[in-house]
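Listed below, chain by chain, are the residues.
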Amino acid sequence: MTLHEGFTPRPDAALGGIIKLAILAVGGQGGGVLTGWIEAVARANGYAAQATSVAGVSQRTGATVYYVEMAPMPADGAMPVFSLQPAAGDVDIMVTAEMMEAGRSIIRGFVTPDRTTLITSTHRALAVSEKMVPGDGIADSDEVMAAAAIAARRFIAADFDRLAIANGSVISASLLGALAGSGALPFGRDAYEAAIRAGGKGIEGSLRAFAAGFEAAQAPQQQDEPAAPPKAPVAKGPAALLAQWHRLQSRVAALPAPVAELALPGLQKVVGFQNLAYGETYLARLDAVLAQDDPALGHALTREAAKYIANAMAYDDVIRVADLKTRGSRSARIAREMGLRDQNVLQLTEFFHPRAEEIAGLLPARLGARVQADPKWMSRLTRWFDKGRRLRSDSLTAFVTLYLIGGLRFWRPRTLRHAQEVAHLDRWLALALGYRATDYALAVEVIRCRRLVKGYSDTHARGLSKFDRVIDAIALVAGRDDAADWARRLREAALRDEEGKALDGAIQTIRSFA
Amino acid sequence: MAERSFKAEVEDLRLGAGETFTGEGILAITKALLENGVGYVGGYQGAPISHLMDVLADAEELLAELGVRYEANANEAAAAAMLAASVHYPIRGAVTFKGSVGVNVASDALANLASSGVNGGALIIVGEDYGEGSSIMQERSHAFAMKSQFWLLDPRPNLPCITKAVKDGFELSEASNTPVMLMVRIRSCHVTGSFTTRDNKRPALSVREALSNPQSDFARVVLPPMSFAHEQDKVRNRWPAAERFILDHKLNEMFGPEKAPLGIILQGGMYNGVIRALQRLGLADLFGNTQVPLYVLNVTYPLVSSEFHAFCQGKDHILVVEEGQPEFIEQQLSTFLYRQGSSLRLHGKDIFPMAGEYTGQVMLDSIAAFLKQAAPEMLPALVRAPNEDKPRIPDLTKTVPIRPPGFCTGCPERPIFAAMKLVQKETGKLQITADIGCHLFGSLPPFEVGGATMGYGLGPAANAAFDGGGERRPVSIIGDGGFWHNGLSSSFTNMAFNKSDGVAVIVDNYYSAATGGQDIMSSRADNPTKATKHPISKALRGIGIDWVREVDRTYDVGHMRDVLREALTTDTPGPKVIVASSECMLNKQRREKPLAQQAIREGRRVEAPRFGVDEDICTGDHACIRLSGCPSLSLKRLDDPLRDDPVASIDQSCVGCGNCGEVADAAVLCPSFYRADVVHNPTPWEKRLATWRGRIIGWLQARRAAKRLSFEVPA
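Residues numbered from 1 in each chain as written. Chains lettered and ligands numbered in written order. Predicted model: local features only at pLDDT ≥ 70, side-chain atom pairs only at ≥ 80, totals over all residues. Heavy atoms only, no water.

Draft legend 1. Molecular detail of the overall build of chain B. Secondary structure summary: chain B contains 24 helices and 24 strands in total. With the principal axes as the frame, chain B shows a C-alpha extent of 100 × 75 × 60 Å. Looking at chain B as a whole, 58% of its 715 residues are labelled buried. By sequence separation, contacts in chain B at least 24 residues apart represent 78% of the contacts at least 6 residues apart. Carbon and sulfur atoms provide 53% of the accessible area of chain B, an area that totals close to 28200 Å². (Helix = DSSP H or I, 4+ residues; strand = E, 2+ residues; numbered from the N terminus. Buried < 20%, exposed > 50% of the residue type's maximum accessible area, 1.4 Å probe, protein only. Contact = heavy atoms within 4.5 Å. Areas by Shrake-Rupley, 256 points an atom, 1.4 Å probe, with all protein chains shown as cover.)

Given below as structure tokens:
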């Protein structure tokens, strides 16, 4: 919580005791219920109150404003004239049920330093526009937090959604608690709890969430504590393998610190993907990069290589998918996430759709390459394999099938897919290191371009094609002072939309001068 | 079954004389109808008056007790036509629909009704949906009152005034033999407050009784020469009668000092906004006592010139507060002034913005600007010379994403649009028109399917120019609500008659879902007072459309895509129609969730499906989201330092509709989705089998784990 006392509030002389409260919620969050509770509290405590909203189609996940005004009821029973909508610069209490909605309330001018208490939940309900970006399109909550600290007279923020869920309720209850706890309204805690009890639905859960919200608003410093650093994965397995692992691990420890930081998870990833020997190959590749790196530049090149070589080596093939789907840790995780109890039974359905390419990829490299070049064989494979498969992985037949495929790791190095991946990896590394002598920063950016290769089937093909186009465009700018900057821009453009429109634009720009 | 039940609120409709009603504006209107002896009510749902229809539906018992007939009309035209009962019979009738959509649909019936004139009070309650949150085109219902010559009430937005307007409306209608439109804005429909109730009143003549004694008078029929006489009657008799009634009963109100050099004329609906602006300028108190004279038009059509001139007496400046455009009231008042040779300065749209909602800020800025011109000495010093040092608040407009409404979690329409997006990947972009209803969200990202909406039930008709076909067939989308509203006649007979080569997709979710889940002809629910369960396909065959494909589980994206592809490529001549049916998930959950919970408590076997994502397998490309947009399918950032992009993640709100798995299959996306069905109260055999399988699977897992290295985060 921040308390912003830089501005003295200016009460309206002619408007004795009026309180203007707006709620900005996402459809389905119970903004209407919260509004009803607040109205009930006000009326039960001798206030005249009026609420309005524009629910309409906005119930369907859109952003919705609810608005309440209240004033002490005069003895003569005269009714105050209340407004039906919040106005910019004229809101005393702003409650927002999501972080970006807090941002929206600031944009709309409902939060001002002279009067507004802003109570917001810090959790995110991502908008479609944020989710559909092929890269990372999530809006920056920190920017909103920073703006809120300036815009609000008083700012109370906590993850009220988490508090509600933890207490088996919904966010409207924890936000009512926060409102009560903030003391922004002249009513006691009992009054709010009475309103919840009068509501009659899910009372116990609502009261628990209310209490949690109340406490969070009163002692929000606990909310501000930084989250504990993520726990690092630990190696498990037979003693002999563990001993070898520790040897590899000590090789990582000997690397320069910035490199080791990413090389350890990288090594874990590739060893988990294949075996210890594969881990040695990883370290050898890394050493080759390190030999050409520059300590004065903080080993940026090797650090990035540690990350992306690991990702490239642990490619997504059928064997990896089957392996991950049949691990004991996965069963345990799903049971936990689904809230499975002893008396329940869990049925699991996996959705697979193998294509001829995946099947050919499992064949020995030479044979696979011949099959892949032969349309007849490919159409035959399509006929045999290319269809959606729903596997009930809790049944033995499906589980054992997946288990056997997951056990094909010994076979993997001989496969066509492996050969293709290795070739791609070698080309990409060679290309990056080729730029190393003339333009260190560009080499680093080329390493980072590996981020573009991801997904399965069409998505994977699209990723590869974007990667190729970015690499080709980089060749056009290589040699310029700002080449690295352009490489970064190209990569970011490629991650912005599915079809690559932004990337097309960036390439057009480059062609206009290169 | 409507989305919201008003069974509890219906009890408030029984309140008697001297009691206090507290609740929403729309409920207060319903109560006022009963207090004023209404004989029949009807209408068509749509924001913001859906609740009025839902309350009436839930109150059928009470209506029957009072002898009031209630119809859930097929559309607004049917509703307006129903008011014909008030033409010959002294029965009060009221219908309701949303403006301006409803007024447009109903205009034929409204025009004829206004020409015939009425004997019993006829009230058209229009929920004006203008400004923020509106889901329709922006225009004014006002024009319809003007062109057809019926009267328009726009009461101050509080419950006592709105309920009084119902009473005034009936009386005005009867006094002037003219239908009256009562306009309530979207916020007044949902505004809460209290008013003192009166006893409900049975109609003096019920529609049943009237049916026993039929009446007709050809002078009321809209045919020449009677229609010419109606036109004269409107101007010579009805209009002056209305003016007299408005003056005698003081339907318009004046507030503030009698003597002042300036004044404000406003629509009743603008009153609270104007008062708030004056309050903020220090010119009014909490209770609306104002230092600026106000002339509040609770009747915005017709305007009474004598009353207007009386208000203008001694004033130099007048401001007209009239939301929306064109500025009909301002033009009329200007004419009044001009005809009188007045030198008074009339302000309005020269200060206020021509278009858009009069928000708090607009109201404050405009009224302050008016006062600066007309009487600067009235303004507080702060407004005249603002010199406050405001902190610079960072601009968040680039950060905060827009959040338009979209399909609900588990919506059965989502997979239809996923399938359409997949088909367009094969065919290239198609010419697609849409209709009105939830399905219109398909035109937003991530689907962006559909490029036009011409009105309710007009989706396929909007493709008529392309009916002749071409290289690729035109596609249109319409909902089941739109189909029964107007679509069967305007869209499908049009297609059939003209031998259209087009494809039409009817999105059948068992309800008029966008307006709140009301039952319609093809609803699958039992409804004691309505005829349901009439398949859309039967209606199509009845008008000679034979190429009809019914998809009974829209969640099967692959099948949906194949059917679409077939419709686009088949050699069959004539319209190709797909009826894609699955129940609205919002309504389904509301019905089934409590039943499932009860079954679990009672020890019966229940499967609860939910989807999940294996985050190690998800590569963070979000292709699945581009075929979904489901609120429960979101993203999460991993703690893994090797991962750049957030991965897909499904939260607890998932209802297990299946779209995620289906698109992953149909679009060949990735194998990271799984469906987990938690079986509550499994059978003993099922439980034994699961234990036995679990042991073998566990043994296999342990066996492999013992031979390899794995890296796991300790729990």
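There is more to say, and it comes next.
Draft legend 2. Structural view of the nonpolar core. The biggest cluster of nonpolar side chains holds 77 residues, and the ones touching the most others in it are Leu33(B), Leu123(B), Ile125(B) and Leu172(B). A total of 7 residues in this core trace back to one element, the largest contributor, which is helix α2 (residues 25-35) of chain B. No fewer than three residues from each of domain 1 (19-198 + 209-248) and domain 2 (255-384) of chain B sit in this core. Among all residues touching Ile125(B), those that are not within four sequence positions of it are Ile29(B), Leu33(B), Leu52(B), Ala94(B), Val95(B), Thr96(B), Phe97(B), Leu182(B) and Val184(B). By size, the runner-up hydrophobic cluster in this structure holds 65 residues, among which are Ala235(A), Ala263(A), Leu452(A) and Ala483(A). (Core = buried A, V, L, I, M, F, W, Y, C linked by side-chain atoms within 4.5 Å. Domains from an automatic or database assignment.)

Draft legend 3. Here's a closer look at the side chain of Thr112(A). Residues and elements named next belong to chain A. Residue placement: Thr112 occurs in the loop between α2 (99-107) and β6 (117-121). A polar side-chain atom of Thr112 sits 3.0 Å from a polar atom in the side chain of Asp114. When neighbours within four sequence positions are excluded, Thr112 is seen to be in contact with Gly89, Ala151, Ala152 and Arg153. (Polar contact = N/O pair within 3.5 Å; in protein donor to acceptor, adjacent residues only side chain to side chain.)

Draft legend 4. Layout of the domain arrangement of chain B. In terms of domains, chain B is made up of domain 1 (19-198 + 209-248), domain 2 (255-384), domain 3 (414-587) and domain 4 (605-705). Each of domain 2 of chain B and domain 3 of chain B has a C-alpha centre, and these two points are 49 Å apart.

Draft legend 5. Seen up close, the sheet that holds strand β2 (residues 40-43) of chain B. Residue and element names in this part refer to chain B. One open sheet holds the 7 strands; their spatial order is β3-β2-β4-β5-β7-β6-β12, and the pairing between them is mixed. In the strand order of this sheet, the two ends are held by β3 (69-72) and β12 (299-301), each with one partner. Each strand axis lies, on average, 20 degrees off the axis of its neighbour in the sheet, ignoring direction. Two strands pair when backbone bridges link them, and strand β6 (residues 151-153) and strand β7 (residues 180-185) are joined in this way by 3 bridges, in the parallel orientation. Across the sheet, Leu153 pairs through a bridge with Leu182, a residue of β7. (Pairing = 2+ DSSP bridges. Axes fitted to C-alpha atoms, helices over the stretch in contact; angles between N-to-C directions.)

Draft legend 6. Looking closely at the interface of chain A and chain B. Counting from both sides, the interface comprises 149 residues of chain A and, opposite them, 129 residues of chain B. Taken over both partners, the interface formed by chain A and chain B buries close to 11700 Å², and the fraction arising from carbon and sulfur atoms is 57%. The tally of links between chain A and chain B comes to 22 salt bridges. In this structure, Asp136(A) and Arg637(B) form a salt bridge, with 3.0 Å as the shortest nitrogen-oxygen distance. Tallying contributions element by element places strand β9 (residues 345-352) of chain A first for the side of chain A that touches chain B, with 8 residues. Looking at the side of chain A that touches chain B residue by residue, the classes come out as 71 nonpolar, 37 polar and 41 charged. Two elements, strand β8 (residues 234-236) of chain A and strand β24 (residues 710-712) of chain B, share 3 bridges in a ladder whose sense is antiparallel. (Buried area = accessible area lost by both parts, 1.4 Å probe. Salt bridge = Lys/Arg side-chain N within 4 Å of Asp/Glu carboxyl O. Nonpolar A, V, L, I, M, F, W, Y, C, P; charged D, E, K, R; others polar.)

Draft legend 7. Broad picture of the side chain of Ser537(B). Residues and elements named next belong to chain B. With respect to the secondary-structure elements, Ser537 resides in helix α20 (residues 536-542). Taking the relative accessible area as the measure of exposure, Ser537 reaches 7% and is therefore buried. Contact partners of Ser537, with chain neighbours within four places excluded, come to Val548 and Glu550.

Draft legend 8. Spotlight on the pattern of salt bridges. For the structure on display, the rule yields 88 salt bridges over all chains. Here Arg355(A) and Glu358(A) are joined by a salt bridge, their closest N and O atoms 3.3 Å apart. Lys576(B) is paired through a salt bridge with Asp501(B); the nearest N and O atoms lie 2.8 Å apart. Taken as a pair, Lys576(B) in strand β19 (residues 576-581) and Asp501(B) in the loop between α19 (480-497) and β17 (503-508) lie far apart in primary sequence, 75 residues in all. By the burial criterion, Lys576(B) is buried, and Asp501(B) matches it. Salt bridges sharing partners connect three or more residues here, namely Lys20(A), Glu69(A), Asp90(A), Asp92(A), Arg115(A), Arg276(B) and Arg280(B).

Draft legend 9. Summary view of the packing of helix α20 (residues 416-436) of chain A against helix α21 (residues 440-448) of chain A. Residues and elements named next belong to chain A. Where α20 contacts α21, the two axes come as close as 7 Å, and the packing angle between them is 165 degrees. In terms of their interaxial angle, α20 and α21 are classed as roughly antiparallel. The two elements α20 and α21 meet at a crossing, and its hand is right-handed. Contact residues: Trp428, Leu429, Leu431, Ala432, Tyr435 and Arg436 in α20; Tyr440, Leu442, Ala443, Val446 and Ile447 in α21. (Parallel < 35°, antiparallel > 145°, perpendicular 65-115°, else oblique. Left-handed = near helix turned anticlockwise from the far one by under 90°.)

Draft legend 10. Structural view of helix α8 (residues 203-218) of chain A. Under the 1.5 Å per step criterion, the end-to-end length of α8(A) is 22 Å for 16 residues, consistent within 8% with the ideal 22 Å. Regarding α8(A), the residues found buried are Gly205(A), Ser206(A), Leu207(A), Ala209(A), Phe210(A), Ala211(A), Ala212(A), Gly213(A), Phe214(A), Ala216(A) and Ala217(A). (Expected span 1.5 Å × (residues − 1).)

Draft legend 11. Representation of the domain arrangement of chain A within the structure. All names here are of chain A. You can read the domains of chain A as domain 1 (2-224) and domain 2 (417-514). Once you take the C-alpha centre of each, domain 1 and domain 2 turn out to be 46 Å apart. On the domain 2 side, the residues contacting the 4 residues of domain 1 number 7 residues. Contact between domain 1 and domain 2 buries roughly 320 Å² in total, counting both sides, with carbon and sulfur atoms accounting for 54%. Considering only the surface of domain 1 that becomes buried against domain 2, Val133, Pro134 and Gly135 emerge as the three largest contributors, covering 90% of it.

Draft legend 12. Examining the packing of aromatic side chains more closely. All names here are of chain B. Per the counting criterion, the structure on display carries 25 aromatic pairs over all chains. Look at Phe417 and Phe447: their rings are 6.2 Å apart centre to centre, the planes differ by 40 degrees, and that puts the pair in the tilted class. Here the residue Phe417 occupies a position in helix α18 (residues 414-427), and Phe447 occupies one in the loop between β15 (432-433) and β16 (475-479), the gap between them amounting to 30 residues. Phe417 sits in the buried class, given a relative accessible area of 0%. (Phe/Tyr/Trp six-rings, centres within 6.5 Å; stacked < 30°, edge-to-face > 60°.)

Draft legend 13. Spotlight on the state of the cysteines. All names here are of chain B. Scanning all chains against the criterion turns up 0 disulfides over all chains. The structure places no disulfide on Cys161, whose sulfur is separated from the nearest cysteine sulfur, that of Cys189, by 15 Å. Looking at Cys161, the relative accessible area reads 15%, which means it is buried. Between Cys657, a cysteine without a disulfide, and Cys630, which holds the nearest cysteine sulfur, the sulfur-to-sulfur distance is 6.1 Å. Given the relative accessible area of 18%, Cys657 is considered buried. (Disulfide = S-S within 2.5 Å.)

Draft legend 14. Examining the pairing of β7(B) more closely. Residues and elements named next belong to chain B. With 6 of 6 residues buried, β7 is to be regarded as a mostly interior element. Alternating residues of β7 divide into Val180, Leu182 and Val184 and Met181, Met183 and Arg185, and every residue in both groups is buried. Where the polypeptide runs from β6 across helix α9 (residues 159-176) and back to β7, its parallel neighbour, the crossover connection is right-handed. (Right-handed = clockwise from strand over helix to strand, strands pointing away.)

Draft legend 15. The sheet that holds strand β11 (residues 294-297) of chain B, seen in detail. Residues and elements named next belong to chain B. In spatial order, the strands read β9-β11-β10-β13-β14; together these 5 strands make up an open sheet with mixed pairing. Unpaired on one side and paired on the other, β9 (253-255) and β14 (345-347) mark the two borders of the sheet. Ignoring which end each strand starts from, the neighbouring axes of this sheet average 20 degrees apart. Bridge count for strand β10 (residues 262-267) against strand β13 (residues 317-321) is 5 bridges, and the pairing is parallel. By the bridge assignment, Leu266 is partnered in β13 with Val321. Packed onto the sheet, helix α13 (residues 271-280) meets β9, β10, β11 and β13 and runs at close to 160 degrees relative to β11.

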